[in-house]
Amino acid sequence: MDQIRIRGGRPLSGTIPISGAKNAALALMPAALLTDEPLTLRNLPRLADIDTFGHLLNQHGASTHTQGSRPEDFGRVMTVRAGRITSTTAPYDIVRKMRASILVLGPLLAREGRATVSQPGGCAIGNRPIDLHLRGLQALGAEVELASGYVRATAPRGGLVGGRVVFPQVSVGATENVLMAAVLARGETLIENAAREPEIVDLARCLVAMGAQIEGIGTERLLVSGQERLHGATYAVMPDRIEAGSYACAVGIAGGEVLLAGARRDIMEATIAALEAANVSVLEERGGLRVRRRNGLAATDATTAPYPGFPTDMQAQLMALMCVAEGASVLTETIFENRYMHVPELARMGADITVSGRSALVRGVPELTAAPVMATDLRASMSLVIAGLAARGETVVRRVYHLDRGYERLEEKLQAVGADIERVADD
Ligand code: EPZ
């Protein structure tokens, strides 16, 4: 396992290229199962989770060819072709590594009429149930049984039938699974209280490029007219709004000025509002977002919420920034029940944070002190890197495989803008 070493205190300046969005890519890849023609995805980020998903698709019988990118390039082009599905089982040993594997359930049901997918189980940030996925698919006629840790789902003999799906609470993954099932169901499907995350807009637009008929894209009401079949397409993955927000927090804590190349303001409004309130200016210009810390960091409150609210995936990164802000801030996590694993690690660096129920009170301190810390989950790991950029001394972050799941070549991107950061093999 590698570790990342950061010597804090250096301001950042230059350009950071923003990669394709992990959470869009992990929904676009299973969409390839909906057709026997090739789906070519451009601007796919080089991440461990993308590789894992490729292996999962291979074991369903789909081919995955990566083409045309030099090692030094960011992103890559991948063509997925599910000419014939040879297995409708997603095995535990893959699903346990990446819960997004559950997103093959809807497409396999729609294409093959059956699917056996290991239940993803929980992870560091919560127990992550899939009841909303299953109820949504049942509304399209699927029979679902849970046996020995697997979901066994079967469609009616004539295939899935369009229906009305009303989600009692917003779920990104459940919306994606049901949407991918509905595009091949017979008749119309109305999805109400659908998640509105930009990554779902990306998936819907890709499905439309494949011949799907979807109305209400970007709203909480999606109306899908099922098609007999879908065809192949070429689609470019949207930029990663969480990666961009994470690096904006890095500039905020380290100081300096950086252009986030490819970042889009229109999908980051809540994140930008929080950064601006913290005295981190984010200005749109041709080619991306220019981030600069004005004078001292100011404390600001934030409560996570489904899109367009403040993203739960940005909570840990903003918390790191607030650790050295002037004043006290209250961060409230409403989406996951255990997303404060970064708090004890930040405390080891001298942060003053008190968690009470779903809220964390962060009292700004003048300076953080470097320490050996442990990454526990993807976004917690990034909050430790952000803290390390401002901490006095050398911070060592262990278990950085968490980071590799969501941040493409992180240390290279930060080195290029002046950070004193390196990856070393863990002794
Ligand atoms: C997606 O997870 C993202 N992952 C997460 O990003 C993100 O934090 C989350 O959406 C919320 O935005 C991917 O897109 C691969 P949910 P997902 O279903 O789909 C509960 C990251 O760091 N729920 O919207 O699993 C659930 O427990 C990752 O990039 C049910 O109760 O999130 C949670 O409390 C972390 N039943 C809430 O809903 C269900 O059937 C929101 O979950 C499904 C979810």
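Predicted model, so just to flag it, every value in this text is computed and none were measured. (Residues numbered from 1 in each chain as written. Predicted model: local features only at pLDDT ≥ 70, side-chain atom pairs only at ≥ 80, totals over all residues. Heavy atoms only, no water.)

A closer look at the site of the ligand
Defined as follows: For this purpose, a residue is taken to be near a molecule or strand whenever a single non-hydrogen atom of the residue falls within 4 Å of it. In the analysis that follows, any N or O atom pair within 3.5 Å is treated as a polar contact, provided that within protein one partner can donate a hydrogen and the other can accept it, and provided that, for residues neighboring in sequence, both atoms belong to side chains. Numbering goes from the N terminus for both helices and strands, where a helix is a DSSP run of H or I of at least four residues and a strand is a run of E of at least two. Residues are grouped as follows: Ala, Val, Leu, Ile, Met, Phe, Trp, Tyr, Cys and Pro are nonpolar; Asp, Glu, Lys and Arg are charged; every other residue, Gly included, is polar.
Taken together, the neighbourhood of the ligand is formed by 21 residues, with Asp131, Leu132, Ser171, Asp313 and Ile335 sitting nearest. Between the ligand and the protein, one listed contact pairs an oxygen atom with a side-chain N or O atom of Asp313 at 2.6 Å. For the shell around the ligand, the elements supplying multiple residues, two or more each, are helix 1 (22–31), helix 5 (131–138), helix 6 (172–182) and helix 12 (378–388). The element contributing the most residues to the shell around the ligand is helix 5, with three residues. Of the residues contributing to the shell around the ligand, the split by class is eight nonpolar, six polar and seven charged.

As for helix 4 (residues 105–112)
Inclusion rule: Remark: exposure states derive from per-residue accessible area (1.4 Å probe, protein chains only) relative to the maximum for the residue type, with buried under 20%, exposed over 50%, and partly exposed in between. Contact definition: two residues touch when any of their heavy atoms are within 4.5 Å.
With six of eight residues buried, helix 4 is to be regarded as a mostly interior element. Residues Leu105, Gly106, Pro107, Leu108, Leu109 and Ala110 constitute the buried set of helix 4. Tucked into the core, helix 4 has its buried residues touching helix 1, strand 7 (114–118), helix 5, strand 9 (150–154) and helix 6. Looking one or two residues beyond helix 4, the residue adopting positive phi is Gly113, at roughly 80 degrees.

Considering unusual backbone geometry
Note the cis peptide between Tyr307 and Pro308, where omega equals 10 degrees. Looking at the secondary structure, you find Pro308 in the loop between strand 18 (302–303) and helix 10 (315–322). Not every positive phi belongs to a glycine, and Asn43 is a case in point at roughly 60 degrees. Mapped onto the elements, Asn43 comes out in strand 3 (residues 39–44). With a phi angle near 80 degrees, Asn279 is a residue other than glycine that sits in the positive phi range.

Some remarks on the sheet that holds strand 6 (residues 89–90)
Heads up, the rule is: At least two bridges found by DSSP between two strands is the condition for calling them paired. With axes taken as lines fitted to C-alpha atoms, and helix axes fitted only over the stretch in contact, angles between N-to-C directions fall between 0 and 180 degrees.
Taken in spatial order, the four strands line up as 6-7-9-8 in an open sheet, and their pairing is mixed. Two strands in the sheet have a free side with no partner beyond their single neighbour: strand 6 and strand 8 (143–147). Bridge analysis of strand 8 against strand 9 gives five bridges, and the strand direction is antiparallel. Note that in strand 9 the partner of Glu145 across the bridge is Arg152. Its contacts with the sheet put helix 4 on strand 7 and strand 9, and the angle it makes with strand 7 is roughly 160 degrees.

A word on the nonpolar core
Convention followed: Residues belong to one nonpolar core when they are buried, are Ala, Val, Leu, Ile, Met, Phe, Trp, Tyr or Cys, and are joined through side-chain atoms within 4.5 Å.
Counting residues in hydrophobic clusters, the biggest one holds 147 residues, and the most contacted among them are Leu12, Leu207, Leu260, Leu410 and Leu414. By residue number, the principal contributor to this core is helix 8 (residues 241–254), which donates nine residues.

Description of the packing of helix 1 against helix 7 (residues 198–209)
Let me state the cut-off plainly: When an angle is under 35 degrees it counts as roughly parallel; over 145 it counts as roughly antiparallel; between 65 and 115 it counts as roughly perpendicular; any other value is oblique. Helix crossings are classified by the rotation of the near helix relative to the far one: an anticlockwise turn of less than a right angle makes the crossing left-handed, while a clockwise turn makes it right-handed.
As a packed pair, helix 1 and helix 7 sit with axes 8 Å apart at the nearest point and diverge in direction by 30 degrees. As judged from the angle between their axes, helix 1 and helix 7 are roughly parallel. Considering how the two elements wind past one another, helix 1 and helix 7 form a crossing that is right-handed. Packed against helix 1, whose contacting residues are Asn23, Ala24, Ala27, Leu28 and Ala31, the element helix 7 presents Glu199, Asp202, Leu203, Cys206 and Leu207 at the interface. Of the residues belonging to the contact of helix 1 with helix 7, the class tally is seven nonpolar, one polar and two charged.

A short note on the sheet that holds strand 19 (residues 328–332)
What the four strands build is an open sheet, ordered 18-19-21-20; its pairing is mixed. Pairing within the sheet leaves two strands with one partner each, and these edge strands are strand 18 and strand 20 (352–356). In terms of strand pairing, strand 19 meets strand 21 (residues 359–363) through five bridges, oriented antiparallel. From the neighbouring strand, Ser329 faces strand 21, where its bridge partner is Val362. Its contacts with the sheet put helix 10 on strand 18, strand 19, strand 20 and strand 21, and the angle it makes with strand 19 is roughly 170 degrees.

Regarding the environment of Ile85
Here Ile85 is to be found in the loop between strand 5 (76–81) and strand 6. Aside from chain neighbours lying at most four places away, what touches Ile85 is Leu33, His60, Leu108, Arg111 and Glu112.

Geometric values such as these leave the question of function open.
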